[in-house]
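Tertiary structure, described
Spelled out, the chains give:
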Amino acid sequence: MLEKMEILHVEKVIEEIETMTKDAENVQRETLKKILEENGSAEYLQNLGLNGRTDPQSFKACVPVVTHQDLEPYIQRIVDGASSLVLTGKPITTISLSSGTSQGRPKFVPFNDELMETTLQIFRTSYAFRNREFPVTNGKALQFIYSSKQSRTKGGLFAGTATTNVFRNSQFKKAMKVMQSQCCSPDEVIFGPDFRQSLYCHLLCGLIFREEIQLVSSTFAHSIVHAFRTLEQVWEELCVDIREGILTSGITFPSVRSAMAKLLKPNPELADLIHRKISGLSNWYGLIPELFPNVKYIYGIMTGSMEHYLKKLRHYAGDVPLISADYGSSEGWIGANINPNVPTESTTYAVLPNIGYFEFIPLKENVEEQVHDRGDANILSMEPKPVSLTEVKIGEEYEVIVTSFAGLYRYRLGDVVKVMGFHNSTPELKFICRRNLMLTVNIDKNTEKDLQQAVEEAAKLIAEEKQEVIDFSSHVDMWTDPGHYVIFWEISGEVSDEVLKECCNCLDRSFVDAGYVSSRKVNAIGPLELRVLRRGTFQKVLDHYVGLGAAVSQFKTPRCVGPTNYKVLQILCDNVAKTYFSTAF
Ligand code: AMP
C-alpha cells in the first residue's frame, strides 16, 4: 500500500480505524486466531496443549500469564541460534534490546516483520489523526534519532534496540516519505557510531534546512530536550561551521564528514541570521520557532516518565504545540494518540485491536493489601483475573498483558494504565507508570508517579530562584536502620542550602501514601535524604547505558535505582555534591 502512494491517504486510514474500533471484540478474536495460526507450530505453544484451538477461552485456559523472566530461557535459545521454532512459526532473525533502564541491563525480545508492520500501522494511524488537526506540507523533519550499536548474537541474529531495528528497516524511510516527515539528516548521521557527533550534525542539518523544517521530533521527549540543551552549548560552533562551510574538526568519522560536506556550503548570511536570532532570545524562551519558523508541532512520547521534561520543552517551544507520540514498547505497540489536540498531560492512547491481543489485570488495592498483609510473594495468584480489551471499565487502572505477533503470549508488560474512555468500542488508555518501580521500605508504597509528583512539588521552591531540576532518580537505602528514601537531583545552577533543606522537607511531605506517612511519624522509615548531584551526572548515566548498547532515542532515565544496579548507583553516589536530611517529621 505504501509503495504506490506518494502521500498517505489520511481519510482512508481514519476510516479503517473507525471500522475496526467499532468492532473491537471481533477484531481481537480474529487477531488472536491469526497469531495462533501463524505460530501454532512453535514449541512453546505446542507444549501448552492448545491443539489447534484459537478461541480466547481455550487460549486463556491453556496459556499462562508470564513475565520476561519466565520467557528468558526460550528467548536465550533463540538468541543462541536454536534450529527449532521456539516461540514463533517463522524463525526469528532479529532481536531487540529493550532499554531495561530499571533493571540495569537490556532485555532481549524478538523482533520480526509482523512487528515492523504493526509499528508502521501505529505511525500511520496517529499521523492521519494528527494531520487532520495539524497538517504538514511537503517539508522536512528535524528528527533526533540515533541508532544503537547493531551487533550479532552468538547464534548469528542481528541485535539492536527496537528503534534501531525500526530505523534500519527499509520500510521506515518509505513510511516517513509518505507521511511527509522525512528526516533532514543523512543516514550517515542517523547511523553514525557516536551519538554526540550525530546530535551535533542533526542540529547542523536542522539549521541548514531551517525554512523547510515542519516538525521537530524524537522517540522520547528526553532526547528533544537533551538536543536543545546541547544547542545552548554549541550554537556558536554551529554558526562558525555554517559561515565557513566547513564542519568542525570535532566530528571525526569520515562517513559522517563526507555526508555533511555535501550539505555544507559557506553561508555567512545564514550564520548571521542564526546568531542574531539566538542573541535576541531571553533565556532561550521560544528557541524552536525562532530557529525553525515553519515548524507546526513538536512530537515525541511525552507522558509517563517523560512528563518531567515538558516544562523545559514548553520553554523551548514557545507557542508551538507539543504532541505526544504513541504508546508501545520493544515488545510491541499498544495504542495510538488519535486526539492530538488535547493538553499533552492528558494524552490517551486508543488501543488498535488488530496489532496484538490484549488483556488487562485489574489493580484492585484491596487484593494487593491482602497479599502484603499475608507476606505472600505470589502476587499473581491473588490477583483478579485478567479481563479482555472490551471488558475494561472507565476510571479503573490495569496492568497490560500483551500477546504479540512476535512470540510473546500473555506477557506482562509491567505498565499501569487507566481507562479514560472509549473510542467506539476500543479503550483509550492513559499511561500511569511502571508497575515495578516502587519505593518501599516496609508498608509504604510509592510509585514512579508519586515520585514525579513529589519532585514537581519540591522543584517549585527552586523555580522561585530561577533554577530547575534537570533530571532526577531515587533509591531505597536499606543500609541505614531504619531504611529511608534517597532522592537524587541534578540542578541547573546554584541554590542556597536553606532552600535545598526546604526542598528536602517538601519531598518528604509530598509522599502522602498512608503507609509512608505513618511509618515516618513513628520513625519506622528514616528521614528522606536529598542528594544534589554535580552537573553532568545524568549525562554519565546516559553514556553508561549507551555503552551497554542502548540507543539515545530510546533512553529513559531510571527513576528508581535498585540495589543490584551497581554501576548506575555508583555513578550517582560518586557525584554527590551536597546531602540534606529531612526534618519534616
Ligand atoms: P522500551 O523498553 O525501551 O521498549 O520502552 C517501553 C516502555 O516505555 C513502555 O513499557 C512504557 O513503560 C514506556 N512508554 C512507551 N510509550 C510510552 C508512552 N506513550 N507514554 C509513557 N510511557 C511510555
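Residues numbered from 1 in each chain as written. Predicted model: local features only at pLDDT ≥ 70, side-chain atom pairs only at ≥ 80, totals over all residues. Heavy atoms only, no water.

What the four strands build is an open sheet, ordered E2-E1-E5-E4; its pairing is mixed. Across the chains shown, the open sheet's two edge strands, defined by having one partner strand only, are strand E2 (107-111) and strand E4 (151-152). As judged from the five bridges shared by strand E1 (residues 94-98) and E2, these two strands associate in the antiparallel manner. Paired with Leu97 across the two strands is Phe108, which belongs to E2. (Pairing = 2+ DSSP bridges. Helix = DSSP H or I, 4+ residues; strand = E, 2+ residues; numbered from the N terminus.)

Our next topic: the pattern of salt bridges. Applying the stated criterion to the full structure yields 28 salt bridges. As a salt-bridge pair, Glu468 and Arg229 come within 3.6 Å of each other at their nearest N and O atoms. Residue Glu468 is located in the loop between helix H18 (448-463) and strand E19 (469-477), and its partner Arg229 is located in helix H11 (residues 221-244); the two are separated by 239 residues in the primary sequence. Taking relative accessible area as the criterion, Glu468 reaches 22% and is therefore assigned partly exposed. Of the charged contacts, one joins Asp471 and Arg559 as a salt bridge, the two residues approaching to 2.8 Å between their closest N and O atoms. Highlighted residues: Asp471 in strand E19 and Arg559 in the loop between helix H21 (537-547) and helix H22 (566-574), separated in sequence by 88 residues. A residue is classified by how much of its surface remains accessible, and Asp471, at 3% relative accessible area, is buried. (Salt bridge = Lys/Arg side-chain N within 4 Å of Asp/Glu carboxyl O. Buried < 20%, exposed > 50% of the residue type's maximum accessible area, 1.4 Å probe, protein only.)

Further remarks concern helix H5 (residues 68-79). Taking 1.5 Å of rise per residue, the 12 residues of H5 would be expected to cover 16 Å, yet its terminal C-alpha atoms sit only 14 Å apart, more than 12% below that figure. For H5, every residue scored as buried is listed here: His68, Leu71, Ile75, Ile78 and Val79. Each buried residue of H5 lies within a common arc of 95 degrees when the element is viewed along its axis, so the set occupies one face. At its buried positions, H5 is contacted by helix H3 (43-46), E1, E2 and strand E15 (411-423). Taken from the residues just after H5, Gly81 is the one with a positive phi, measuring 90 degrees. (Expected span 1.5 Å × (residues − 1). Arc of directions from axis to C-beta. Contact = heavy atoms within 4.5 Å.)

This next bit is on unusual backbone geometry. The omega torsion across Asp481 and Pro482 is 0 degrees, close enough to zero to call that bond cis. Considering the arrangement of structural elements, one finds Pro482 in the loop between E19 and strand E20 (484-491). Non-glycine residue Asn51 carries a positive phi angle of around 50 degrees. Mapped onto the elements, Asn51 comes out in the loop between H3 and helix H4 (56-62). Even without being glycine, Trp284 reaches a positive phi, approximately 70 degrees. The residue Trp284 is located in the loop between helix H13 (268-279) and helix H14 (287-291) in this model.

This part covers the packing of helix H1 (residues 10-22) against helix H6 (residues 113-133). Orientation of H1 relative to H6, taken along the N-to-C sense of each, is 110 degrees, at an axis distance of 9 Å. On the basis of the axis angle, H1 is roughly perpendicular to H6. Crossing hand, H1 versus H6: left-handed. Contacts between H1 and H6 involve Val10, Glu11, Val13, Ile14, Ile17, Glu18 and Met20 from the first element and Gln121, Arg124, Thr125, Tyr127, Ala128, Phe129, Asn131 and Arg132 from the second. For the contact of H1 with H6, the class distribution of residues is eight nonpolar, three polar and four charged. (Axes fitted to C-alpha atoms, helices over the stretch in contact; angles between N-to-C directions. Parallel < 35°, antiparallel > 145°, perpendicular 65-115°, else oblique. Left-handed = near helix turned anticlockwise from the far one by under 90°. Nonpolar A, V, L, I, M, F, W, Y, C, P; charged D, E, K, R; others polar.)

The geometry of an aromatic ring pair comes down to the distance between the two centres and the angle between the two planes. Summed over all chains, the structure comprises 18 aromatic pairs. Note on Phe360 and Tyr398: the rings are 6.0 Å apart at their centroids and 75 degrees apart in plane angle, and the pair reads as edge-to-face. Residue Phe360 is found in strand E12 (residues 357-362), and its partner Tyr398 is found in strand E14 (residues 397-403); the two are separated by 38 residues along the sequence. Here the two residues Phe360 and Tyr398 agree in accessibility, since each one is buried. Taken together through their ring pairs, the aromatic side chains of Tyr44, Tyr74 and Tyr409 make up a single cluster. The ring of Tyr299 is capped by Arg130, whose NZ or CZ atom sits 3.8 Å from the centre of that ring. The aromatic ring of Phe209 is capped on one face by Lys140, whose charged end is 4.7 Å from the ring centroid. (Phe/Tyr/Trp six-rings, centres within 6.5 Å; stacked < 30°, edge-to-face > 60°. Lys NZ or Arg CZ within 6 Å of the ring centre and 35° of its normal.)

Let us look at the domain arrangement of the protein chain. By the assigned domains, the protein chain splits into domain 1 (10-90 + 346-365 + 383-434), domain 2 (135-149 + 175-320) and domain 3 (438-581). Contacts between the two partners involve four residues from domain 1 and, on the opposite side, four residues from domain 3. For the pair domain 1 and domain 3, the two sides together bury roughly 310 Å², of which 50% comes from carbon and sulfur. Run the count over domain 1 and domain 3 and you get zero salt bridges. Our enumeration of links across domain 1 and domain 3 arrives at one residue pair in polar contact (both at pLDDT 80 or more). Across the side of domain 1 that touches domain 3, the residue classes break down as two nonpolar, no polar and two charged. (Domains from an automatic or database assignment. Buried area = accessible area lost by both parts, 1.4 Å probe. Polar contact = N/O pair within 3.5 Å; in protein donor to acceptor, adjacent residues only side chain to side chain.)

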